[in-house]
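Architecture at a glance
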Amino acid sequence: MNAVVIEQYIDNLMTQSTPEFPIWNIEKARAGKKSGWDYIDGCMIMALLEIYSTTGEQKYLDFADYYEDFRIHDDGTIDGYDINTYNCDELNGGKNLFTLYRLTKKEKYKKALDKLYEQVKNQPRTKEGNFWHKRIYPNQVWLDGLYMAQPFYMEYETTFNGCKNVDDIYNQFFNVEKIMKDPETGLYYHGYDSSKSIFWADRQTGLSQNFWLRALGWFSMALLDTLNKAPDRECENWKKLKTIFIDLCESMLKFQDESGMWYQVPNYPKKGKNYLETSGSAIYAYSLLKGFRTGILQDKKFQDAGIKAFEGICEKYLNTDSGKLSLGGICLVAGLGPEKDLRRNGTFDYYMSEPIVQDDAKGVGPFILAYNEYKQIKK
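Starting afresh in each chain, residues are numbered from 1 along the sequence in its written order. In keeping with the predicted nature of the model, local features appear solely for residues at pLDDT of at least 70, side-chain atom pairs appear and are counted solely at 80 or more, and the whole-chain, interface and lining totals rest on all residues. Side-chain numbers come from the whole structure's heavy atoms, not from hydrogens or water.

**A closer look at the layout of surface pockets**
The following threshold applies: We place a 1 Å grid over just the protein atoms. Points where a 1.4 Å probe fits but has no way out form a cavity, open points with protein on both sides within 12 Å along at least 5 of 7 lines form a pocket, and any residue with an atom within 4 Å of a point lines it. Grid points are joined across faces, edges and corners, and a volume is the space filled by probe spheres set on the points. Where helices and strands are cited, they refer to DSSP runs of H or I of at least four residues and of E of at least two residues respectively, numbered from the N terminus. Ten residues, namely Ala, Val, Leu, Ile, Met, Phe, Trp, Tyr, Cys and Pro, are considered nonpolar, four, namely Asp, Glu, Lys and Arg, are considered charged, and the remaining ones, Gly among them, are considered polar.
In this structure, the largest pocket encloses a volume near 690 Å³. Every residue lining the largest pocket is counted, 29 residues in all, and those nearest its centre are Glu 27, Tyr 39, Ile 40, Asp 89 and Lys 134. Residue assignment for the lining of the largest pocket shows that the elements contributing at least two residues are helix H2 (26–31), helix H3 (39–55), helix H7 (143–160) and helix H9 (213–229). For the lining of the largest pocket, a count of residues per class yields twelve nonpolar, six polar and eleven charged. Estimated volume of the second largest pocket: approximately 400 Å³. Around the second largest pocket sit 17 residues that line it, and Glu 50, Thr 99, Arg 102, Lys 229 and Lys 290 are the ones nearest its centre. Among the elements of the structure, H3, helix H5 (94–104), H9 and helix H11 (278–293) are those that each provide at least two residues to the lining of the second largest pocket. Tallied by class, the residues present in the lining of the second largest pocket amount to five nonpolar, five polar and seven charged.

**Thoughts on the side chain of Arg 71**
Rule in force here: When accessible area is computed with a 1.4 Å probe and restricted to protein chains, residues below 20% of their type maximum are described as buried, those above 50% as exposed, and intermediate ones as partly exposed. Counted charges follow a simple rule, with Lys and Arg positive, Asp and Glu negative, and His plus the chain ends left uncounted. Salt bridge, as used here: a side-chain nitrogen of Lys or Arg that lies within 4 Å of a carboxyl oxygen of Asp or Glu. Two N or O atoms count as a polar contact when they lie within 3.5 Å, although within protein this holds only if one can serve as hydrogen donor and the other as acceptor, and sequence-adjacent residues are included solely when both atoms are side-chain atoms. Two residues form a contact once any of their heavy atoms are found within 4.5 Å.
By the element assignment, Arg 71 lies in the loop between helix H4 (58–69) and H5. Of the side chains with opposite charge, Glu 68 lies nearest to the buried Arg 71, which makes no salt bridge, at 4.6 Å. At 3.2 Å, the side chain of Arg 71 forms a polar contact with the backbone oxygen of Gly 36. Residues within four places of Arg 71 in sequence aside, it is in contact with Pro 19, Glu 20, Ser 35, Gly 36, Trp 37, Thr 77, Ile 78 and Asp 79.

**Looking at the side chain of Asp 11**
The residue Asp 11 is located in helix H1 (residues 3–15) in this model. The exposure class of Asp 11 is buried, given its relative accessible area of 18%. Residues contacting Asp 11, with those up to four places away along its chain left out, are Lys 59 and Tyr 60.

**Things to note about the pattern of salt bridges**
A complete count under the given rule lists 25 salt bridges for this structure. A salt bridge links Lys 28 to Asp 38; the nearest nitrogen and oxygen atoms lie 2.9 Å apart. With Lys 28 in helix H2 and Asp 38 in the loop between H2 and H3, this residue pair connects regions lying ten residues apart in the sequence. The exposure class of Lys 28 is partly exposed, given its relative accessible area of 21%. A relative accessible area of 12% means that Asp 38 is categorised as buried. Lys 300 is the partner of Asp 304 in a salt bridge, and the nearest nitrogen-oxygen pair spans 2.9 Å. Of the two residues, Asp 304 and Lys 300 are both situated in helix H12 (residues 300–317); the distance of four residues between them amounts to about one turn of the helix. One network of salt bridges, in which partners are shared, links Asp 65, Asp 69, Asp 74, Lys 106 and Lys 108.

**Observations regarding unusual backbone geometry**
Of note, the bond from Gly 337 into Pro 338 is cis; its omega dihedral lies within 30 degrees of zero at 0°. Mapped onto the elements of the fold, Pro 338 is located in the loop between strand S7 (330–331) and helix H13 (348–353). In the Ramachandran plot, Tyr 86 falls in the positive-phi region, its phi being about 40° despite a non-glycine side chain. One can find Tyr 86 in the loop between H4 and H5. At Lys 105, a position not held by glycine, the phi torsion is positive, near 65°. Within the element layout of this structure, Lys 105 appears in the loop between H5 and helix H6 (107–122).

**Notes on the environment of Ala 282**
Along the polypeptide, Ala 282 turns up in helix H11. Distance from Ala 282 to Gly 312, taken between C-alpha atoms, is 9.6 Å for residues 30 residues apart in sequence. For Ala 282, the contacting residues outside a window of four places in its chain are Ile 313, Gly 363, Pro 366, Phe 367 and Ala 370.

**Some remarks on the packing of aromatic side chains**
Short version of the rule: Whether two aromatic rings pair depends on their centres lying within 6.5 Å, for rings of Phe, Tyr and Trp, where Trp uses its six-membered ring; planes under 30 degrees apart make the pair stacked, over 60 edge-to-face, and the rest tilted.
All told, the structure shown has 25 aromatic pairs when counted by the stated rule. Arranged with centres 6.4 Å apart and planes meeting at 35°, the rings of Phe 152 and Tyr 156 form a pair that is tilted. Here Phe 152 and its partner Tyr 156 are both found in helix H7, four residues apart, which amounts to about one turn of the helix. A residue is classified by how much of its surface remains accessible, and Phe 152, at 0% relative accessible area, is buried. Taking the relative accessible area as the measure of exposure, Tyr 156 reaches 7% and is therefore buried. Relative to Phe 219, the ring of Phe 173 lies with its centre 6.2 Å away and its plane at 35°, an arrangement referred to as tilted. Linking Phe 173 in helix H8 (residues 166–180) with Phe 219 in helix H9, this pair joins segments that are 46 residues apart in sequence.

**Some thoughts on empty space enclosed by the protein**
For the structure shown, the criterion picks out three cavities of 30 Å³ or more. Looking at the largest cavity, its volume works out to about 70 Å³. Broken down by element, the residue count for the lining of the largest cavity peaks at four residues, all from H7. Here the lining of the largest cavity is built from residues that sort into six nonpolar, five polar and no charged.

Here's what the structure looks like:
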């Protein structure tokens, strides 16, 4: 692992990207569309801000500010954002605005945060009290959505709202543990339909069929980031959430491959076309390393597993393609339903059918986050 090479790779991603055409948004590029307000871009900007926080190198902050300033107007209106979709993914980019508001003092970022919080206040909910993943996915909870929404919700509560709704955040996690955790493996199913009516859901449990690595990763980051943004580390709810995070990390270690990585469907490592997947492995590298650094994970085995995961990704998927560095092995996208898309049925074969790409931010962003943690250890 060569730090100079990785940092040159990051520099290249920035210099070749604009807010409308970021080189890392492979989904938009394949569709021939400009980028907008997008959780994928939010992952990348977060990674750059994290590197700024540890290195102090101005170029990372300058790029993040340039990127977000471009589409946020002085009144806080965000180009490409529509509150009426009630899409949890749309909240992810808002996490970066807390940092940018604090560092740049631009009022437009605070106004944009307020607009995003209006979505939180009105987000439709399941009968158990959890946010729907999106308006087009009624009654559904996806692990992905916990990451997109809950750390944003927690940071807004602690920064601007006097922590009035903190218990609501905790309870949404507790519902997920109660409903979506598999007691045998300790892993969590990708999705849950509280109406138990969508075609991919079990009619008795409402759960999808399988565990998907990146969704498990998003959930681990949701837990970790919410824990680190919460106001009171001594309260019983915080301690309970910490236990959920530790238990998930313990469970994931049982499925870690000798390479350090995890498989796309982690509990079937030798089945069919299953493969070692970069984005979910990078997310777990980050969660384990940062979890240990911030004192939530206290057994050094977690840090060791995070180091092994990061180095395993570098060994297997960080390569030179046509004279430039590339990060491969990234699942482009995976989801569940809706009714008009019966292909996305949550089966093992479905998770194997989605494209595997290079340099998409859903892998690159977590890889940079993990690199930032790894670099601090190696200092």
